[in-house]
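This is what each chain is made of:
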Amino acid sequence: MGGFFAAVSHKNCKYDVFFGTDYHSHLGAKRGGLAFYDAERGFQRQIHNIENTPFRTKFEANLSEMDGTAGIGCISDADPQPLLVRSHLGLFTLATVGIINNAEELVDSFSGPGNQFMAMSSGRVNSTELTAALINRCDNMVDGIRYAQQAIEGSSTILVMTKDGLIVARDKVGRLPVVIGKKEDGYCACIESFAYLKLGYAPCYNLGPGEIVKITADGYEQLAAPGETMKVCAFMWSYYGYPNSNYEGVNVEVMRCRNGEIMAREEQKAGTMPDVDYIAGVPDSGVPHAIGYANASREPFARPFVKYTPTWARSFTPSNQEVRNLVAEMKQIPVPELIEDKKLLLVDDSIVRGTQLRETVDFLYRSGAKEVHMRSACPPVMYGCKFLNFSRSNSEMELLARKKIQELEGDEGQKHIEEYADGKTQRGQCLLKSICEEMGFDSLGYQSLDGILEAIGLDRDKVCTYCWTGEE
Ligand code: SF4
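Residues numbered from 1 in each chain as written. Predicted model: local features only at pLDDT ≥ 70, side-chain atom pairs only at ≥ 80, totals over all residues. Heavy atoms only, no water.

**Q** Tell me what's going on with the overall build of the protein, and back it up with residues and numbers.
**A** Helices and strands together make up the secondary structure of the protein, namely 16 helices and 23 strands. Seen through its C-alpha atoms, the protein measures out along the principal axes to roughly 70 × 45 × 40 Å. Out of the 472 residues in the protein, the part that is buried amounts to 55%. In the protein, the share of contacts with a sequence separation of at least 24, taken over all contacts with a separation of at least 6, comes to 66%. Surface exposure of the protein reaches about 20,300 Å², of which carbon and sulfur atoms provide 47%. Within the protein, the 63 negative side-chain charges are centred at a point lying 2 Å from the centre of the 49 positive side-chain charges. (Helix = DSSP H or I, 4+ residues; strand = E, 2+ residues; numbered from the N terminus. Buried < 20%, exposed > 50% of the residue type's maximum accessible area, 1.4 Å probe, protein only. Contact = heavy atoms within 4.5 Å. Areas by Shrake-Rupley, 256 points an atom, 1.4 Å probe, with all protein chains shown as cover. Lys, Arg positive; Asp, Glu negative; His and termini not counted. Charge placed at Lys NZ, Arg CZ, Asp CG, Glu CD.)

**Q** Tell me about the environment of histidine 289, residues and numbers included.
**A** With respect to the element layout, histidine 289 can be found in helix α9 (residues 286-297). Here the alpha-carbon distance between histidine 289 and valine 254, two residues 35 residues apart in the chain, equals 9.3 Å. Dropping the residues within four chain positions of it, histidine 289 is found in contact with Ser238, Arg256, Asn259, Gly260, Val347, Asp349 and Ala377.

**Q** So, the sheet that holds strand β2 (residues 31-38): which residues are in play, and what are the values?
**A** Pairing is antiparallel across the open sheet formed by 7 strands, whose spatial order is β3-β2-β4-β1-β10-β9-β11. Bordering the open sheet on either side are β3 (42-49) and β11 (202-206), each of which pairs with just one other strand. When strand polarity is set aside, the average angle formed by the axes of neighbouring strands in this sheet is 15°. Across 7 bridges, the pairing between β2 and strand β4 (residues 70-76) is antiparallel. Directly across from alanine 35, in β4, lies its bridge partner isoleucine 72. Sheet strands in contact with helix α1 (residues 14-22) are β1 (2-9), β2, β4 and β9 (179-183), and its direction is about 15° off that of β4. (Pairing = 2+ DSSP bridges. Axes fitted to C-alpha atoms, helices over the stretch in contact; angles between N-to-C directions.)

**Q** How would you summarise the side chain of aspartate 16 if you had to cite specific residues and measurements?
**A** The topology assignment puts aspartate 16 in helix α1. With relative accessibility at 14%, the residue aspartate 16 sits in the buried group. Of note is the side chain of aspartate 16, whose polar atom sits 2.6 Å from the side chain of tyrosine 201. If we ignore the near neighbours within four places in the chain, the residues touching aspartate 16 are Phe5, Thr21, Lys183, Leu199 and Tyr201. (Polar contact = N/O pair within 3.5 Å; in protein donor to acceptor, adjacent residues only side chain to side chain.)

**Q** Please give an account of α1 that cites residues and values.
**A** Along α1, 7 of the 9 residues are buried, which leaves the element largely enclosed by surrounding structure. When we look at burial in α1, the residues that qualify are Lys14, Asp16, Val17, Phe18, Gly20, Thr21 and Asp22. Taken together, the buried residues of α1 touch β1, β2, α2 (55-63), β4, β9 and α6 (193-198).

**Q** Break down the domain arrangement of the protein for me, with residues and values.
**A** If you check the domain split of the protein, you get domain 1 (2-230) and domain 2 (250-469). Computed from C-alpha coordinates alone, the two centres of domain 1 and domain 2 are separated by 33 Å. Tallying the contact residues gives 18 residues for domain 1 and 15 residues for domain 2. Interface area, domain 1 with domain 2, both sides summed: about 1,300 Å², of which 55% is carbon and sulfur. Broken down residue by residue, the surface that domain 1 buries against domain 2 is led by Ile99, Arg175 and Met230, which jointly contribute 40%. The interface formed by domain 1 and domain 2 includes 0 salt bridges. (Domains from an automatic or database assignment. Buried area = accessible area lost by both parts, 1.4 Å probe. Salt bridge = Lys/Arg side-chain N within 4 Å of Asp/Glu carboxyl O.)

**Q** Which residues make up the nonpolar core, and what values do they have?
**A** Val168, Ile215, Trp237, Leu364, Phe441 and Leu444 are the most contacted members of the largest nonpolar core, which has 88 residues in total. Of the residues forming this core, the biggest block, 5 residues, is contributed by helix α14 (residues 426-439). Each of domain 1 (2-230) and domain 2 (250-469) accounts for three or more of the residues forming this core. For phenylalanine 441, the contacting residues outside a window of four places in its chain are Leu357, Val361, Val372, Met374, Ile435 and Cys436. Of all hydrophobic cores here, the second largest spans 26 residues; its members include Ile100, Phe110, Leu130 and Ile135. (Core = buried A, V, L, I, M, F, W, Y, C linked by side-chain atoms within 4.5 Å.)

**Q** Describe the packing of aromatic side chains, with residues and values.
**A** In this structure the tally under the stated criterion is 16 aromatic pairs. With a centroid separation of 5.6 Å and 70° between ring planes, the pair formed by tryptophan 237 and tyrosine 247 is classed as edge-to-face. One end of the pair, tryptophan 237, is in helix α7 (residues 235-240); the other, tyrosine 247, is in strand β15 (residues 246-247), and 10 residues separate them in sequence. On the basis of relative accessible area, tryptophan 237 is assigned to the buried category, the value being 0%. Overall, tyrosine 247 belongs to the buried group, its relative accessible area being 1%. Measuring from ring centre to ring centre gives 5.8 Å for phenylalanine 305 and phenylalanine 363, while their planes differ by 80°; the resulting arrangement is edge-to-face. Taken together, the positions of phenylalanine 305 in strand β18 (residues 305-307) and phenylalanine 363 in helix α11 (residues 355-366) put the pair 58 residues apart, joining distant regions of the chain. Since its relative accessible area comes to 4%, phenylalanine 305 is described here as buried. Site record: aromatic cluster; members linked through ring pairs are Phe18, Phe19, Phe55 and Phe59. When the ring centre of phenylalanine 110 is taken as reference, the NZ or CZ atom of arginine 137 above it lies at 3.8 Å. (Phe/Tyr/Trp six-rings, centres within 6.5 Å; stacked < 30°, edge-to-face > 60°. Lys NZ or Arg CZ within 6 Å of the ring centre and 35° of its normal.)

Set out below in structure tokens:
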């Protein structure tokens, strides 16, 4: 995944861009980048690896050397960016968020003499560089962006800074939101709406799918109209997004609480709610789903364990799995009084591979829990994300639900995924039982597709649910 914040102003806007980008740090953990344009100093740019150090710490020292009346900042889980590009379209900086699934094919389409890409050490090409090459195939920036968006299979949200201002293009079906904010001296564009509110911008405009907008210090202008089809990522609400943000007018925290309420309501109707001492959420994003569940079920909410965050930044992601597990374990600090001999119902935003959750449940039992009942705030994840790299699985068989289906029924089982995803069917019941056995849960329940769509509250054809249904 990734995120960005961009601003253009009559004044120096470097602090807005710096803090605005920092507020997108939860969307990626590998690379951070900043670029500014100033009439006197021209373009300036810095890129850092942020795998072990937060964006803010890495870029603090650069700020004194950078200035700009326009700037873009990005957080990325992919390649280094923003890139500074010089072509027949002029000099511009470019940042992108998304995935290019047909990258090899697109790179091959540039195989004639005179074409070249800088290869990464893996031999792959930087996705943002490939997007620049696609844009440069056209005579103007707008046609170029449109061309790139049509050519790319996957998703692509594009941000360009020229000496005349910013151009921002939402992905062709709007997998991620893009919003514009306004204040006295200028405008900004970003993914997380809370970022601009916090920096004193007022909500101004939400881009539609595929829409392209030019932004200057004096206003914004539509360069290409939005398309009809929207497929905004449901996981932005249930997991990825920051609680204070609104996407398509729906607040993340409010959605999560409502989602938990719906789960509790349905369990009460079905009579499947276990008798427990506390409802708890897996921090951070599981917590509001759990609060909603507790409020609706009238069972007490508690925090039987709390994450130790002052010295363990989220971006600290050691490449070694063993060290990663150790860090996850060290972060979880129990509250013994709320665990020993207690029956707990734990709510998490989702169950993807289940590795970390298994550790959490083991830790609760080791800390004296009597029962641990598990609830996932979304349906079973059955397909790897092709659009934002959410599940980051090399194979769908790494997804816990798919792995268990394979164990239960072999290849035949993979033909009945829809049935397995429904806990009311016989196959669904078998899947729940087998996951409980593997993970050590006393019971397990998943939010239904209808339930999570009700919590989001948008028309179902406007929301991407691919990772649960496989439907694009
Ligand atoms: S497949 Fe899942 S994670 Fe990916 S965009 Fe769709 S809803 Fe989001």
